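Inside the fold
Next come the chains, spelled out residue by residue.
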Amino acid sequence: KQWYQRRVAITAGSDGVFSNTPGVETRVAGFGDTHTLDYVDDWNYISYYKDLVEGIMSQPGAEDGVSVRAAPYDFRYSPPSSQSKLFFHKLKMLIEDTYNYSGSKVVLVSHSLGGLTTSTFLHTMSQQWKDQYVHAWVSAAGVFGGAVKEVKVLVSHGVVDLPDFVVNRLVQRDVARTIMGNYFMLPRYPVWGKDEVLVQTPRTNYTLGNLEQLFADMGVTDGVEKWKTVRNASFTGDPGVPTHCFNGKDVPTSASFYYKDQKDFPDVVPETVSGDGDGTVPARSLQVCHKWNSTVTVTEYSGADAGEHDKIVGNKEFIKSIIELIS
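1. Here's the deal with the overall build of the protein chain
A tally of helices and strands in the protein chain yields 13 helices and 10 strands. Long-range pairs, those at least 24 residues apart, make up 70% of the contacts in the protein chain between residues at least 6 apart in sequence.

2. Some remarks on the packing of helix α3 (residues 82-102) against helix α4 (residues 113-124)
Helix-helix packing is characterised by the crossing angle of the two axes and by the distance between the axes. Between α3 and α4, the least distance of the axes is 11 Å, while the angle of their chain directions is 75°. On the basis of the axis angle, α3 is roughly perpendicular to α4. Note on element contacts: α4 touches α3 through Thr117, Thr120, Phe121 and Thr124, opposite Phe87, Phe88, Leu91, Lys92 and Ile95. Its residues assigned to classes, the contact of α3 with α4 shows five nonpolar, three polar and one charged.

3. Considering the sheet that holds strand β9 (residues 271-275)
With mixed pairing, four strands are arranged side by side in an open sheet as β6-β5-β8-β9. Single-partner strands in this sheet number two, and they are β6 (205-206) and β9. Examined bridge by bridge, strand β5 (residues 199-200) and β6 share two bridges and lie antiparallel to one another. Counted as the bridge partner of Val199 is Tyr206 from β6. Contacts from helix α6 (residues 149-157) reach β5 and β8 (253-258), with the element oriented near 40° to β8.

4. Considerations on the environment of Glu150
Mapped onto the elements of the fold, Glu150 is located in helix α6. In this structure Glu150 comes out as buried when scored by relative accessible area, which is 10%. For the pair formed by Glu150 and Pro187, sequence separation is 37 residues and the distance between their alpha carbons is 8.0 Å.

5. Quick look at the state of the cysteines
Counted by the stated rule, this structure contains one disulfide. Here Cys245 pairs with Cys289 through a disulfide, and the sulfurs are 2.4 Å apart. In this pair, Cys245 is assigned in strand β7 (residues 243-249) and Cys289 in the loop between α11 (283-286) and β10 (295-302), connecting sequence segments 44 residues apart. Note on Cys245: relative accessible area 0%, which makes it buried.

6. Details of the side chain of Ser112
Along the chain, the position of Ser112 falls in the loop between β3 (106-111) and α4. Of the residues examined, Ser112 reaches a relative accessible area of 14% and is grouped as buried.

7. A closer look at the packing of aromatic side chains
Inspection of the entire model under this criterion finds 17 aromatic pairs. Centre to centre, the rings of Phe88 and Phe121 are 5.5 Å apart; their planes meet at 55°, and the pair counts as tilted. Of this pair, Phe88 sits in helix α3 while Phe121 sits in helix α4, placing them 33 residues apart in sequence. You'll find Phe88 and Phe121 in the same group, each marked buried. Relative to Phe318, the ring of Phe246 has its centre 5.0 Å away and its plane inclined at 85°; by these criteria the two rings are edge-to-face. Taken as a pair, Phe246 in strand β7 and Phe318 in helix α13 (residues 316-326) lie far apart in primary sequence, 72 residues in all.

Thresholds, definitions, all that
- Residues numbered from 1 in each chain as written.
- Predicted model: local features only at pLDDT ≥ 70, side-chain atom pairs only at ≥ 80, totals over all residues.
- Heavy atoms only, no water.
- Helix = DSSP H or I, 4+ residues; strand = E, 2+ residues; numbered from the N terminus.
- Contact = heavy atoms within 4.5 Å.
- Axes fitted to C-alpha atoms, helices over the stretch in contact; angles between N-to-C directions.
- Parallel < 35°, antiparallel > 145°, perpendicular 65-115°, else oblique.
- Nonpolar A, V, L, I, M, F, W, Y, C, P; charged D, E, K, R; others polar.
- Pairing = 2+ DSSP bridges.
- Buried < 20%, exposed > 50% of the residue type's maximum accessible area, 1.4 Å probe, protein only.
- Disulfide = S-S within 2.5 Å.
- Phe/Tyr/Trp six-rings, centres within 6.5 Å; stacked < 30°, edge-to-face > 60°.

Okay, structure coming up:
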């Protein structure tokens, strides 16, 4: 437990800046390389961008280290942190370097939180820069309006489902409560109304309007500070580049949570009320990009096989669409 918490958690200093636990250093490997994001894990067991990368690299003239370049980032941080500013600078340099080497504008591809991160990055760049360097942006399953699932992550659950012999769920939850990216992906107004119930207990209905009370009742003393730090740091308006939005639909997706018994809150996993979405992100959040003037195409895949949140990047039709776009 202590090993996990010390190496994964980030903490706030007296100046309000969030950073690694003292004595811990982290780095994101493979920035700018072609195959960095092929797999989620170090053992090459869980495929991520592998099929997409292979599809692009199989095209005539594709060049390793040039045709596809990965821009991984530490999701524990989010804007407006200094780490995010550094990532934006590195991403800008990578895009310019790729353009200068290839002589062609760059197509950006993002997935999930990467969509919210990319839209915020593009907002920091001038229109002149975007017109010069960016051919198009492909957003897959963008969490533009937030995800209700993130509420459960912070209340009871942690980030991922792992057996207790690997790491206890409540230990995961403690660490998840330090990760700024989880607060960055909380449902946001006006995509969600301030009175819409996110978590219900016999005693209290928690909404965006009283989220401070939820953090207090969970015993997360710095939760309000983290939430207020990031909630207005994203930009989900028109990005100013030709945009292609891809998302899933018709997959049961967390819409709210409830506890039948007050004593179960917050340590027991709550019951789920489901709505439409891709299994992780609700439809209304995914569809924010549908409304942009810069959006060129909108493609929705129905059902878990084609449109589930994590599966969409391996969808053969999605990969085909990207290859056609860059050809």
